[in-house]
Amino acid sequence: MAQDVVKADTAKTDVVITAEGVAMRFGTNTVFQDVTFEVRRGEVFVILGGSGCGKSTLLKLLIGLMPPSAGTMTVLGEEMAKLEGAARRDLLRRIGVMWQSGALLGSLTLAENVMLPIEAHTKLPEAARRMIAMAKLGLVGLSDAADRLPAEISGGMLKRAGIARAMALDPEILFLDEPSAGLDPITSAGLDELILSLARETGTTFVVVTHELQSILAIGDRCIMLDKEARGLIAEGNPKHLRDQSEHPTVRAFFRREARAGV
Amino acid sequence: MSFEADSTDGATRLRFTGSLSAADAARLWNEAHKASRGQSRLLLDASGVTELDSAGAALLVSVAGNEAEWREPEDAGAAGVLRRFRSGLGEPRPAKPAAPFRPITSLGGAVLGMVRNMRTRLTFLGETTMTAAALAPRPWRLRWVEVLRHLDEAGTRAFGLCMLLGVLIGVILAFQSSIPMRQFGAEIFIPQLVGISLTRELGPLLAGVILAGRTGSAYAAELGTMRVNEEVDALRTMGLDPMAWLVLPRVLAAMLVMPVLALVMDITGLIGMGFVMALLGFPPTAVMNQLVQWMSVGDIMGGLGKAACFGLVIGYIGCHAGLSAGRGPRAVGDAATSAVVGGIVALVVLDGIFAVLFFRLGW
């Protein structure tokens, strides 16, 4: 018993994200409520669920694009929704986001896109920014495409460039929105490997929103599952355990790719 | 964080210790590079670095260049960051030489581009005409609902703007011309001056500018976005001709709406002129008399016919700009710009042609 208490305490210091009783409503439409979870430092945490269950909304809450309707959510110990000005900038510097379609600026080359957050947050000279950008693009395998425009490269490359830009400032937490969406299985597996190696080597915490089964099983240390009908969490734990042991009908259907009435 | 440089018998030793973050790297960047520049033998001692981020790694790698001898960080984390940074950079590659400035080559390229552009426009015009000709015997196959929608968007919603501009132009023209004409006591001729210049030239032209700005750009942006979203290709694969489906209703709507807009400009402009005349002391009957006596139906009809041609060209240029847009958000913006600029230029050129034509025909 005493041991358990100590364990819980050390675990607490390593928690980077907490959500407590978080709810999100648009008018009278409740997307989800009573969502409670925590993310520990260094893990790959997967948010999964079917279409329309509020995965992307939850991600928007996490990165502070909008405040939750109820409950509290902290990222790196701060409540993002309540931060303003310099404090908010400081916190944003410590996280990185890869958007679903890359969201690279179309008028800038890949290297310039990666240099953008560095320019916004540091006083490094141009040569230094460019060197960092080249190193990050190299890590995602895009050294040769550094001077090309986003419109000239493929979807998989766009996502990798998005990851390079998200990593530009060595963030403590990297949020990835649907990294596998629209990619072929080989490219998608390559992206999973990249995520895993980055997580293992840099100790960065990854929060990945996805519904790609292969990906979830390959990279997820822990996951939570949102459900549209339950309007909240229906499962939490290691993806492989959930696949093998969960009794929840939706969770079972999800992992076994079974169709269910009304979905 | 500390940095020191010392030279002993021909070798320069740069020593970094402590934590090296982005802020430190920014601060030390110039100093460290100055210390390392032009040294024949460089020893970079990073053994005492305890913490490192990408910016710090960039500083170390950049200062070291290709020649320096390294002492790697003893701290495992810092060594890992450095190792990853180097593996990301890969082999140093030669910088691509910037393209040399060749004015004649780039001028030639620009001219060629223009010629090519003209060619695609002509091709597009041909395609549109062919589709129109093919549909002419079967007019029910055109999407008339779309035509109505575009008539509403390009026409009904532009009436307010046209009326406002018409009144203002009428007032301004009448007022400006009254100043010199008063010197000759010729104010009574203001109605025909304003009337003829409005109906023959300014009405159609200004309506055309409004159409190019409101509708031409909207066509380009709409079709450009559809192209980016592959909606145009989707139409094509469903066996629907984008020409008949997207271009013709828009061009037709623009052509039909322009005479109406021009007429609105004419009428409101004359009302504005009448207002100024009333202020100058001429009763509406006198103004009306002048207009009826000196203006012919031909003036008005010629202007309206011109307006229809303007509408055709503006709608066609807008659609072409949209359908030939490239990918990406900038492409849609470029398409809208070229629709407006191309539309207005074509408008003025066409107006010139009409001026010569009407003169030769004695209209």
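As annotated in an unreviewed UniProt entry, chain B carries the name Phospholipid/cholesterol/gamma-HCH transport system permease protein and is attributed to Roseococcus suduntuyensis.

In the annotation of an unreviewed UniProt entry, the entry for chain A reads Phospholipid/cholesterol/gamma-HCH transport system ATP-binding protein, and the organism field reads Roseococcus suduntuyensis.

### Focus on the overall build of chain B
Looking only at helices and strands, chain B has twelve helices and four strands in total. Here chain B holds 363 residues, and 41% of them are scored as buried. Contacts in chain B between residues at least 24 apart in sequence constitute 80% of all its contacts with a sequence separation of at least 6. By element, 66% of the accessible surface of chain B is carried by carbon and sulfur atoms, the whole surface being about 19,600 Å².

### Details of the overall build of chain A
Within chain A, the secondary structure is distributed over ten helices and nine strands. In chain A, buried positions account for 50% of the 263 residues. A total accessible area of about 12,200 Å² is found for chain A, and carbon and sulfur atoms account for 50% of it.

### Structural notes on the sheet that holds strand β7 (residues 205-210) of chain A
Residues and elements named next belong to chain A. Taken in spatial order, the six strands make up an open sheet running β5-β6-β7-β3-β8-β9, and their pairing is mixed. The sheet terminates laterally at β5 (95-98) and β9 (232-237), the two strands that pair on one side only. Adjacent strand axes in the sheet meet at a mean angle of 15°, parallel and antiparallel pairs treated alike. In this sheet, strand β6 (residues 173-177) lies alongside β5 in parallel orientation, the contact comprising four bridges. Residue pairing for β6: V97 is matched across the bridge by F175. The strands touched by helix α2 (residues 55-62) are β3 (44-49), β6, β7 and β8 (222-227); relative to β3, the strand with the most contacts, the crossing angle is about 140°.

### Here we look at α2 of chain A
All names here are of chain A. Counted residue by residue, α2 has six buried out of eight residues, so it is predominantly covered. Those residues of α2 that sit buried are K55, T57, L58, L59, L61 and L62. G64 occupies a position one or two residues after α2 and carries a positive phi of about 80°.

### What about the interface of chain A and chain B?
Of the residues lining the interface, 21 residues belong to chain A; the matching set on chain B comes to 18 residues. Summing both partners gives a buried area of about 1,700 Å² for chain A against chain B, and 67% of it is carried by carbon and sulfur. There are zero salt bridges connecting chain A and chain B. Our enumeration of links across chain A and chain B arrives at two residue pairs in polar contact (both at pLDDT 80 or more). Secondary-structure elements contributing two or more residues to the side of chain A that touches chain B are α5 (126-139) and α7 (185-202) of chain A. No other element matches α5 of chain A, which puts nine residues into the side of chain A that touches chain B.

### Topic: the UniProt feature "transmembrane region" (unreviewed entry) in chain B
Taken from the UniProt record, the annotation "transmembrane region" (unreviewed entry) applies to residues 158-175, 270-292, 304-323 and 335-359 of chain B. Strand forms 0% of residues 335-359 of chain B and helix 100%; the C-alpha atoms that close the span are 36 Å apart.

### Quick notes on unusual backbone geometry
All names here are of chain A. With phi around 55°, D34 is a residue other than glycine that occupies positive phi space. Structurally, D34 can be placed in strand β2 (residues 29-40). Residue classification places D34 among the exposed residues on the basis of a relative accessible area of 62%.

### Side note on the packing of aromatic side chains
All names here are of chain B. All told, the structure shown has five aromatic pairs over all chains when counted by the stated rule. Cluster of aromatic residues (ring-pair linked, three or more members): F310, F354 and F358. Cation over ring: R86 sits above W70, and NZ or CZ is 4.3 Å from the ring centre. In this structure, R250 packs its charged tip against the face of Y219, placed 5.8 Å from the ring centre.

### Re the confidence of the model for chain B
All names here are of chain B. Overall, the predicted model of chain B reaches an average pLDDT of 87, with 98% of residues at or above 70. Within chain B, the element-level pLDDT minimum falls on strand β1 (residues 2-8), averaging 77, and the maximum on helix α6 (residues 159-183), averaging 94. For this predicted complex, the interface score ipTM comes out at 0.75, alongside a pTM of 0.68.

### Here we look at the confidence of the model for chain A
Scored by pLDDT, chain A has a mean of 82; 93% of the residues are at 70 or more. Below a pLDDT of 50 lies the segment residues 1-12 of chain A, which in the model reaches one contact outside its immediate sequence neighbourhood of four places, other chains included.

### Topic: the pairing of β3 of chain A
Residues and elements named next belong to chain A. With six of six residues buried, β3 lies mostly within the body of the structure. What you see with β3 is no split at all: V44, V46 and L48 on one side and F45, I47 and G49 on the other are buried throughout. With five bridges connecting them, β3 and β7 associate as parallel partners. Bridging from a neighbouring strand, F45 pairs with V207 of β7.

What counts and what doesn't
Residues numbered from 1 in each chain as written. Chains lettered and ligands numbered in written order. Predicted model: local features only at pLDDT ≥ 70, side-chain atom pairs only at ≥ 80, totals over all residues. Heavy atoms only, no water. Helix = DSSP H or I, 4+ residues; strand = E, 2+ residues; numbered from the N terminus. Buried < 20%, exposed > 50% of the residue type's maximum accessible area, 1.4 Å probe, protein only. Contact = heavy atoms within 4.5 Å. Areas by Shrake-Rupley, 256 points an atom, 1.4 Å probe, with all protein chains shown as cover. Pairing = 2+ DSSP bridges. Axes fitted to C-alpha atoms, helices over the stretch in contact; angles between N-to-C directions. Buried area = accessible area lost by both parts, 1.4 Å probe. Salt bridge = Lys/Arg side-chain N within 4 Å of Asp/Glu carboxyl O. Polar contact = N/O pair within 3.5 Å; in protein donor to acceptor, adjacent residues only side chain to side chain. UniProt positions renumbered as here; feature names shortened; annotations may be inferred. Phe/Tyr/Trp six-rings, centres within 6.5 Å; stacked < 30°, edge-to-face > 60°. Lys NZ or Arg CZ within 6 Å of the ring centre and 35° of its normal. pLDDT = per-residue confidence, 0-100.

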